[in-house]
Amino acid sequence: MIFIKSILTPIEILLQTILYRYFQSSYCIAFVSSELFRFDYNKTFVHIDPEGRNLTNDLLEVSEMGCLDYIVRVNEPKDFIQNFDKVVHLGNTRKSDRKIVFLPESYNIDVVGNLMEILTMKETTFIPNVLIVAPSTNQSCESYDLITHKYIGLSNHNEPLYLDLWSSCTKQFTKNNNLFPHDMSNMHGKVVKVACFTYKPYVLLDLNSTLVPFGRDGMEIRIIEEFCRWVNCSVEIVRDDKHQWGEIYENMTGVGVLGSLVEDRVDLGITALYSWYEEYLALDFSAPCIRTGITCIAPAPRLLASWETPFLPFTLYMWIAIFFTFLYASFALTFAQGGSTKNVFLTTFGMMITQSQSDVGQSWRIRSITGWLLITGLVLDNAYGGGLASTFTVPKYEKSIDTIKDIVDKKMEWGATHDAWIFSLALSQETQIKQLVNQFKTYSFEELERKSYSRSMAFSIEKLPAGYYAIGEYITEKAVLDFTIMLEDFYYEQCVVMLRKSSAYTNKMNELIGRLHESGLLLAWETQVALTHLNYQVQLEVKLSRSKKDVEKIEPLALRHVLGVFILYGLGIIISIVIFILEIIINKN
Ligand SMILES: *[C@@H]1O[C@H](CO)[C@@H](O)[C@H](O)[C@H]1NC(C)=O
Ligand SMILES: *[C@@H]1O[C@H](CO)[C@@H](O)[C@H](O)[C@H]1NC(C)=O
């Protein structure tokens, strides 16, 4: 649309000036107005006519197309703001630095009150860049006041902030002020509310405030503190400790950290919030700040019961093979003896355990069979002897739980205090993961502490980037000795800061997190927090839980090693005595 400048009305000239000066970086602009504007503008824009239409649907449609800045000239600006806020929550496109310009319906002082009312609305408090163009009547030519809200500072955020005056006589601004002054770089002490709860080492609250400023610390608390140092805001912690991470209900209410965010009770949410899909639909995510691997500590494998040791040198298949060798050899001997089964099993068994034989007779058939059998027996016996020696000296453990498959096969419960641990797995279609999710249980802190001594379940922990672990406090120094960390991670996640959808803070937070990664500060903070606030003994035990068994590997023979053999011996004696007695009784009758 190219028009000659002279036929534009003053408001159109002003709008064109604003568009050229401030909207050059916009991808697309939505004009919400019943009349068309006439001006020359070189960027993408769409026009929405609010009359007699469903404004929410129209706004949603253009917002999904990427038209996220608005020029509005409507009868009811309050309606627009309400619809706009609905669309922010419904849509999936996000933009942190949205701009909205409200133009008057007509050059009439009556519309000013209507326009100014939007500054008092709750929905407006989330938009830093709202510009109201209001008719200014006590001027010689058609002129407009340019007004926004105070937004930053300690209080009175709703109050109007007079920015400039534009007059159609000069076609100039009087003060040439920036019309969108809130670039979030200096909040002048504005309070930023943060939802969190104590979860080491991400967030620690209620510390001794003589030792730690404000009595709070933690990897993510430090991100927030640094953020506020940077943009000059002040932190206010909002707590809902009972619900921890909480959840978001269908009706857009909720509890815990997530609920506080959805209901706009807070601006930022932290405490190991992973990039969960369901939450992304309702909230904004910052850039990832901490990469964490989720796995379990499972009960450590125990020494095998000693009666099993005599069987350990050979595998199951080897034992089966030996059994069949015995059968075939007995069969061959029977055959060689011309069908007589006299002493066949006893002789074969004897030769297999390298016992010398009494006279085998003159027959070469029998001699060759017994000859080969003696050689087989010699080999088997030596192999068994070697294997037995090694099972005696190297302690043998049960199979340890290393992978997801192991924990699923063993049907072992795993758990923590909240089911946030399985949010990331809940949508998986894999049968193994589904089974893993089914085995997850939540228990109270006390119950978990009690169960940590019973070897009945595994406990989920997080592996943090600098090599420390986030372990629930219910795992004590004493209990941790009996646990081994699993080799395989269940999954890994990126922790984010969550914010209201299209929050003004998102861009700044992303920029800060980028800088923190760049400088390596996040790793340094993790180490500092872990060393000051975590139980180092527990950390070390978990870290070394897989290597400590190497140390106690070789030991001298003790009674418990040979106990198994004696058990077998005892069993044999008992069985023989029973058979002996039975024989006597049966023969008597
Ligand atoms: C930060 O905000 C406080 C409180 O409004 C203000 O006094 C101070 O000058 C600000 N600091 C900077 C560097 O602007
Ligand atoms: C929203 O849903 C939750 C759970 O379904 C319910 O407890 C709560 O009362 C509902 N809130 C409103 C405002 O409807």
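A quick note: this is a predicted structure, and the numbers were derived from the prediction, not measured. (Residues numbered from 1 in each chain as written. Chains lettered and ligands numbered in written order. Predicted model: local features only at pLDDT ≥ 70, side-chain atom pairs only at ≥ 80, totals over all residues. Heavy atoms only, no water.)

On to the environment of Ser 185. By the element assignment, Ser 185 lies in the loop between strand 8 (172-173) and strand 9 (191-195). C-alpha of Ser 185 to C-alpha of Trp 230: the two residues are 45 residues apart in sequence and 7.8 Å apart in space. Not counting residues within four places of it along the chain, the set of residues in contact with Ser 185 comprises Trp 230, Val 231 and Lys 508. Only 2.8 Å separates the side chain of Ser 185 from the side chain of Asp 183, close enough to count as a polar contact. (Helix = DSSP H or I, 4+ residues; strand = E, 2+ residues; numbered from the N terminus. Contact = heavy atoms within 4.5 Å. Polar contact = N/O pair within 3.5 Å; in protein donor to acceptor, adjacent residues only side chain to side chain.)

According to the stated counting rule, one finds 30 aromatic pairs in the structure shown. Ring plane angle 80 degrees and centroid distance 5.9 Å describe the contact between Phe 23 and Phe 180, whose orientation is recorded as edge-to-face. Residue Phe 23 is found in the loop between helix 1 (10-22) and strand 1 (29-33), and its partner Phe 180 is found in the loop between strand 8 and strand 9; the two are separated by 157 residues along the sequence. Of the two residues, Phe 23 and Phe 180, both sit in the buried class. Relative to Phe 440, the ring of Trp 414 lies with its centre 4.7 Å away and its plane at 75 degrees, an arrangement referred to as edge-to-face. Of the two residues, Trp 414 is situated in strand 16 (residues 413-416) and Phe 440 in strand 17 (residues 440-442); the sequence distance between them amounts to 26 residues. When its relative accessible area of 0% is taken as the criterion, Trp 414 is described as buried. A relative accessible area of 8% means that Phe 440 is categorised as buried. Three or more aromatic residues joined by ring pairs make a cluster, and in this case those are Tyr 70, Phe 80, Phe 84 and Phe 102. In this structure, Lys 99 packs its charged tip against the face of Phe 23, placed 5.6 Å from the ring centre. (Phe/Tyr/Trp six-rings, centres within 6.5 Å; stacked < 30°, edge-to-face > 60°. Buried < 20%, exposed > 50% of the residue type's maximum accessible area, 1.4 Å probe, protein only. Lys NZ or Arg CZ within 6 Å of the ring centre and 35° of its normal.)

Moving on: the side chain of Ser 452. If you trace the backbone, Ser 452 turns up in the loop between helix 13 (445-451) and strand 18 (457-463). You can call Ser 452 buried: its relative accessible area is 4%. Polar side-chain contacts of Ser 452 include one of 2.7 Å to the backbone oxygen of Glu 449.

Moving on: the state of the cysteines. Counting across every chain of the model gives three disulfides. With a sulfur-sulfur separation of 1.1 Å, Cys 141 is cross-linked through a disulfide to Cys 169. Across the S-S bond of Cys 141 and Cys 169 the torsion is about -115 degrees, and the bridge reads as left-handed. With Cys 141 in the loop between strand 5 (129-136) and strand 6 (143-149) and Cys 169 in the loop between strand 7 (160-167) and strand 8, this residue pair connects regions lying 28 residues apart in the sequence. For Cys 141, a relative accessible area of 17% puts it in the buried group. Given a relative accessible area of 46%, Cys 169 falls into the partly exposed group. Each bonded cysteine in the protein chain gets a number by its place in the sequence, and the pairs come out as 1-2, 3-4, 5-6. The cysteine Cys 495 is free of any disulfide, with Cys 289 supplying the nearest cysteine sulfur at 5.9 Å. According to the relative accessible area criterion, Cys 495 is buried, its value standing at 0%. (Disulfide = S-S within 2.5 Å.)

Before going further, it helps to examine the sheet that holds strand 1. Here eight strands make up an open sheet; going across it, the order is 2-1-3-4-5-6-7-8 and the pairing mixed. Since the sheet does not close on itself, it has two edges, and those belong to strand 2 (45-48) and strand 8, each with one partner. Pairing between strand 6 and strand 7: seven bridges, direction antiparallel. By the bridge assignment for strand 7, Asp 145 is matched with Leu 165. Contacting strand 1, strand 2 and strand 3 (69-73), helix 2 (residues 55-64) crosses the sheet at an angle of about 170 degrees to strand 2. (Pairing = 2+ DSSP bridges. Axes fitted to C-alpha atoms, helices over the stretch in contact; angles between N-to-C directions.)

A separate point is the packing of helix 2 against helix 3 (residues 77-90). Where helix 2 meets helix 3, the closest approach of the two axes is 9 Å, and the angle between their N-to-C directions is 50 degrees. By the criterion of interaxial angle, the relationship of helix 2 to helix 3 is oblique. Every pair of crossing elements has a handedness; the one defined by helix 2 and helix 3 is right-handed. Contact with helix 2, carried on its side by Leu 55, Thr 56, Leu 59, Leu 60 and Ser 63, involves Phe 80, Asn 83, Phe 84, Lys 86, Val 87 and Leu 90 of helix 3 and no other residues of that element. (Parallel < 35°, antiparallel > 145°, perpendicular 65-115°, else oblique. Left-handed = near helix turned anticlockwise from the far one by under 90°.)

What follows covers the site of ligand 2. Taken together, Tyr 249, Asn 251 and Thr 253 make up all the residues around ligand 2. A distance of 2.5 Å separates an oxygen atom of ligand 2 from a polar side-chain atom of Asn 251. In the complex, 30% of the free accessible area of ligand 2, which totals 360 Å², lies under the protein chains. (Near = heavy atom within 4 Å. Areas by Shrake-Rupley, 256 points an atom, 1.4 Å probe, with all protein chains shown as cover.)

Take it as geometry only, folks, not as evidence of what the structure does.
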